[in-house]
Amino acid sequence: MNNFSRLVFVLKEGFAHLFRSKGLSTTVIVIVASTLLQLSIFLGISRVLDNALVSAKEKFEMAVFLTSAADTTDLTRIKDTLSAEPQVASVKVVTKEEALQDFRKDPDIDRMVQALGENPLTDSISVVLKKDAAGNLDELVNRLKKDPSVEEVNYGKNEWEEVSNISRTVRWMGLFLGGFVFLTALFIITNTLSLSFWARKEDFILLSRMGAPTWMRWGPYLWEGVLQGILGTGLMVLILELIRHIVGMTLAQYGGLDILLHLPELDWWDLYLALAALGVILSFTGSFLALQSKWVKELK
Amino acid sequence: MMIQAFHLTKVHSSGVKVLEDAYFSAPEGSFIAILGESRTGKSTFLKMLGGEEKPTSGVLRIDHKDIHGLSASEKRQWLNEVGMIFPDLSLFPDKTVEENILFILHVKEVSTEGQKEAIRKLLSNAGLGDKIQSKPADLSSGEKRMVLALRAMIFRPRLLLVDDPFQGLDDKAVQTLLKFLFELNRTGTTVILSIQQMSFYENLKSMPSVPPIQWMKLDQGKLQPLEEAVP
């Protein structure tokens, strides 16, 4: 029997096992689906929070104010220096005239400027930072401050750090809670499969007494686990899609709350693929662990 | 396969001695029939020969090897050449008769090419031609026993251990099974058969074209040639 024939045998037997103990197979499939559903809720919440924090970070801008003595050459030099920095996403020059025009939109400020009789503002450079720029920002700011043409650098350091900390905490909490749900599910699935294998103890004994090799005694059961994982994922995707459409439609009637379910299509497929991989890993590992039961190992 | 046993003793965990200081020798290709009443330890003895029960003491060698000292993989390899017809070995309930018989060929890693036709012929000769696609639940106990026997013989084992195979079989099925056992023995398989009914001894002695059979009796833990056991 060559390796291909062995593979075909394992695949066929695994399929047959799946339909043999329908009750227990269905239980495992439902457990896999409900675990993945819980994980997807965690992943979804972390993803939404992460997106919110990333977009919050994207809104952070640095403002570099030049001295009144700085001329166009200085402005161009500093602008070019900033554009070459890896932390910088984009750079925009705001001349003192443009800034004044902007200020004058407020009638109170407009009156104050008229009383002063001259433009008190200086040229500035508005810098949009990249979302992962937090690390080396201090070094850039110190360099800019040492430039004689730079009056002040304003970049909301404390807010930036706060958002970064929240983002980190959310990720770690998601990872911890997700890991906890995963391990709990693995425990339940392993025990359910142990029960399912115990119900077929006669087959295990028969295989052992016939002298069946390890690949033949274990292979079909591991493949059965993978199949249950795939079917569990399928069920979970079906449930999530139903939630997306039915609940989405309901939420739409309440002031556009359906936005909560509106991740881009690509994100949903990424999520489904990640959960499918998790489902297969979960049930395969569960089968493997169930096959480590003392009574199975004693049947050499 | 050649079997040699010296000073073989088996005491069950309950303290019952089922075999006491037994000597046993089966040359390659021999046919040995062990007679004994119910619960005299015939099944335990056959299970010892099949590596399923360990003797309490004594030496048991098959092809000069101590089968109870083999590693798990060596034992599996050894079992590839051993067929067993034991009453407590069942069929896979979800497989058809044909699949059950084919399954043993997968287990023994024998090519299944062309075997379906051979199984069809074998089942037809055994009077089970119309049961090829039946599940075990649809078979009578006699038919199940016959399928179990065919499953153990299809891969032409070098050693066939047969424990009380005729229970529940009608005369025709008994004759068919005996014919298969004799045919297999003629091709070189060592057959160890255990039976309860003494009448078999008389019937077989009067049957034509029966291969030479070494008769033994197992009673109260003593295994000895039948001539010595029967006064």
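Conventions adopted
- Counting restarts for each chain: residues are numbered from 1 in the order of the written sequence.
- Labels are handed out in written order, letters beginning with A for the chains and numbers beginning with 1 for the ligands.
- Confidence filtering applies because this is a predicted model: local features only for residues at pLDDT of at least 70, side-chain atom pairs given and counted only at 80 or more, and all residues used for totals across whole chains, interfaces and linings.
- Labels follow the DSSP assignment, with helices taken as runs of H or I lasting at least four residues and strands as runs of E lasting at least two, numbered in each case from the N terminus.
- The reference for a compact globule is 2.2 Å times residues^0.38; the radius of gyration itself is calculated from the C-alpha atoms.
- Here the C-beta atoms are placed from the backbone, and a residue counts as buried if at least 20 other C-beta atoms lie within 10 Å of its own, exposed if 12 or fewer do, and partly exposed otherwise.
- Note that contacts rest on C-beta atoms placed from the backbone: two residues are in contact if these are within 7 Å.
- Think of it as three bins: nonpolar holds Ala, Val, Leu, Ile, Met, Phe, Trp, Tyr, Cys and Pro, charged holds Asp, Glu, Lys and Arg, and polar takes everything else, Gly as well.
- Convention adopted: a line fitted to C-alpha atoms gives each axis, helices being fitted over their contacting stretch, and angles between N-to-C directions are expressed from 0 to 180 degrees.
- Angles below 35 degrees are treated as roughly parallel, those above 145 as roughly antiparallel, those between 65 and 115 as roughly perpendicular, and all remaining angles as oblique.
- By definition, turning the near helix anticlockwise from the far helix through less than a right angle yields a left-handed crossing, and turning it clockwise yields a right-handed one.
- Pairing between strands is defined by DSSP: at least two bridges between the two strands are required.
- If the strands point away from the viewer and the path from the first strand over the helix to the second runs clockwise, then the crossover is right-handed.
- Think of pLDDT as the predictor's per-residue confidence, scored from 0 to 100.
- Domain ranges listed in this record stem from an automatic or a database domain assignment.
- We call a set of buried Ala, Val, Leu, Ile, Met, Phe, Trp, Tyr and Cys residues a nonpolar core when their C-beta atoms link them within 7 Å.

**Looking at the overall build of chain B**
Turning to step 1, where the next piece is worked out: The secondary structure content of chain B amounts to eight helices and nine strands.
Turning to step 2, where the next piece is worked out: Its C-alpha radius of gyration of 17 Å places chain B within 12% of the 17 Å reference for a compact globule of 231 residues.
Turning to step 3, where the next piece is worked out: Principal axes of the C-alpha set define a box for chain B whose edges measure 45 × 45 × 35 Å.
Turning to step 4, where the next piece is worked out: Counting every position in chain B, which comprises 231 residues, the buried fraction comes to 35%.
Turning to step 5, where the next piece is worked out: In chain B, the proportion of contacts linking residues at least 24 apart, taken out of those at least 6 apart, comes to 70%.

**Some remarks on the interface of chain B and chain A**
Turning to step 1, where the next piece is worked out: Counting residues at the interface gives 13 residues for chain B and 14 residues for chain A.
Turning to step 2, where the next piece is worked out: Where the side of chain B that touches chain A is concerned, the elements lending two or more residues are helix 2 (72–79) and helix 3 (97–107) of chain B.
Turning to step 3, where the next piece is worked out: Classifying every residue of the side of chain B that touches chain A gives six nonpolar, three polar and four charged.

**Overview of the environment of histidine 17 of chain A**
Residue and element names in this part refer to chain A.
Turning to step 1, where the next piece is worked out: Relative to the helices and strands, histidine 17 is located in helix 1 (residues 3–20).
Turning to step 2, where the next piece is worked out: Accessibility expressed as a C-beta count within 10 Å gives 22 for histidine 17, which makes it buried.
Turning to step 3, where the next piece is worked out: For the pair histidine 17 and glycine 225, spaced 208 residues apart in sequence, the C-alpha to C-alpha distance is 9.9 Å.
Turning to step 4, where the next piece is worked out: Once residues lying within four places of it in the same chain are set aside, the contact partners of histidine 17 are Pro220, Tyr221 and Glu224.

**Observations concerning the packing of helix 1 of chain A against helix 9 (residues 214–252) of chain A**
Each packed pair of helices is defined by two parameters, the angle between the axes and the distance between the axes.
All names here are of chain A.
Turning to step 1, where the next piece is worked out: Contact pair helix 1 / helix 9: the axes reach a minimum separation of 8 Å and the direction vectors enclose 55°. When the axis of helix 1 is compared with that of helix 9, the two are oblique. The way helix 1 lies across helix 9 gives a crossing that is right-handed. Contacts between helix 1 and helix 9 pair Arg6, Val10, Leu11, Glu13, Gly14, His17 and Leu18 from the former with Trp215, Gly219, Pro220, Tyr221, Trp223, Glu224 and Leu227 from the latter.

**Remarks on the pairing of strand 7 (residues 190–195) of chain B**
All names here are of chain B.
Turning to step 1, where the next piece is worked out: Across the six residues that make up strand 7, a large majority, six, are buried.
Turning to step 2, where the next piece is worked out: Here strand 3 (residues 31–35) runs beside strand 7; their pairing, made up of five bridges, is parallel. By the bridge assignment, alanine 33 is partnered in strand 7 with leucine 193.
Turning to step 3, where the next piece is worked out: Bridge analysis of strand 6 (residues 159–163) against strand 7 gives five bridges, and the strand direction is parallel. Within strand 7, the position partnered with valine 162 by the bridge is leucine 193.
Turning to step 4, where the next piece is worked out: Handedness of the crossover joining strand 6 and strand 7 through helix 6 (residues 171–186): right-handed.

**What to know about the sheet that holds strand 1 (residues 61–66) of chain A**
Residues and elements named next belong to chain A.
Turning to step 1, where the next piece is worked out: In space, the four strands of this open sheet follow the order 2-3-1-4, with antiparallel pairing throughout. The two strands at the open ends of the sheet, each matched to only one other strand, are strand 2 (88–94) and strand 4 (150–154). Between one strand axis and the next, the sheet turns through 20° on average, direction left out of account.
Turning to step 2, where the next piece is worked out: Of the strand pairs in this sheet, strand 2 and strand 3 (residues 124–129) are connected by six bridges, and their pairing is antiparallel. Residue pairing in the sheet places valine 94 in a bridge with serine 124 of strand 3.
Turning to step 3, where the next piece is worked out: Sitting on the sheet, helix 3 (residues 72–83) is in contact with strand 1, strand 2, strand 3 and strand 4, with an inclination near 165° to strand 2.
Turning to step 4, where the next piece is worked out: On the sheet, helix 6 (residues 137–146) packs against strand 1 and strand 4 and is oriented at approximately 160° with respect to strand 4.

**Describing the sheet that holds strand 2 (residues 17–26) of chain B**
Within a beta sheet, neighbouring strands are joined by backbone hydrogen bonds and run either parallel or antiparallel to one another.
Residues and elements named next belong to chain B.
Turning to step 1, where the next piece is worked out: Read from one edge to the other, the open sheet built from three strands follows the order 2-1-4, with strand pairing classed as antiparallel. With partners counted over all chains shown, the strands left at the sheet margins are strand 2 and strand 4 (57–62), one partner each. Adjacent strand axes in the sheet meet at a mean angle of 20° when their direction is disregarded.
Turning to step 2, where the next piece is worked out: Note: strand 1 (residues 3–11) against strand 2, six bridges, orientation antiparallel. If you follow glutamine 4 over to strand 2, its bridge partner there is serine 25.

**A closer look at the confidence of the model for chain A**
Turning to step 1, where the next piece is worked out: On average, residues of chain A score 82 in pLDDT, and 90% of them reach the 70 mark or higher.
Turning to step 2, where the next piece is worked out: When pLDDT is averaged over each helix and strand of chain A, the minimum, 77, is found for helix 2 (residues 22–58) of chain A and the maximum, 89, for helix 3 of chain A.

**Some details on the domain arrangement of chain A**
By a widespread convention, an interface's size corresponds to the accessible area lost as its parts come together.
Turning to step 1, where the next piece is worked out: Domain parsing of chain A yields domain 1 (3–55 + 163–298) and domain 2 (61–155).
Turning to step 2, where the next piece is worked out: Taken over C-alpha atoms, the centre of domain 1 of chain A sits 53 Å from the centre of domain 2 of chain A.

**Re the nonpolar core**
Soluble globular proteins: nonpolar side chains tend toward being buried together.
Turning to step 1, where the next piece is worked out: Counting residues in each nonpolar core, the largest one holds 59 residues, and the members touching the most others are Ala149, Leu150, Leu161, Val162 and Ile192 of chain B.
Turning to step 2, where the next piece is worked out: Looking at this core, the element that brings in the most residues is helix 5 (residues 141–153) of chain B, giving seven residues.
Turning to step 3, where the next piece is worked out: Leucine 150 of chain B has contacts with Ile101, Leu122, Leu123 and Ala126 of chain B, leaving out every residue within four places of it along the chain.
Turning to step 4, where the next piece is worked out: Counting 24 residues, the second largest nonpolar core, distinct from the first, contains Val32, Phe197, Tyr221 and Leu231 of chain A.

**Let's talk about the packing of helix 3 of chain B against helix 5 of chain B**
All names here are of chain B.
Turning to step 1, where the next piece is worked out: Put simply, helix 3 and helix 5 touch, their axes get as near as 8 Å, and they point 30° apart. Relative to helix 5, the element helix 3 lies roughly parallel. For the pair helix 3 and helix 5, the crossing hand works out as right-handed. For the pair formed by helix 3 and helix 5, the contact residues are Val97, Asn100, Ile101 and Ile104 on the first element and Val147, Leu150 and Arg151 on the second.
Turning to step 2, where the next piece is worked out: In terms of residue class, the contact of helix 3 with helix 5 is built from five nonpolar, one polar and one charged.

**Focus on unusual backbone geometry**
The bulk of non-glycine residues show a negative phi, and the bulk of peptide bonds are trans.
Residues and elements named next belong to chain B.
Turning to step 1, where the next piece is worked out: You will see that arginine 39, though not glycine, has its phi angle at about 60°, which is positive.
Turning to step 2, where the next piece is worked out: As for its placement among the helices and strands, arginine 39 is situated in the loop between strand 3 and helix 1 (42–49).
Turning to step 3, where the next piece is worked out: Take arginine 39: there are 11 C-beta atoms within 10 Å of it, and that puts it in the exposed class.
Turning to step 4, where the next piece is worked out: Notably, histidine 64 is not glycine yet its phi reads approximately 65°, a positive angle.
Turning to step 5, where the next piece is worked out: Within the secondary structure, histidine 64 is located in the loop between strand 4 and helix 2.
Turning to step 6, where the next piece is worked out: Take histidine 64: there are 7 C-beta atoms within 10 Å of it, and that puts it in the exposed class.

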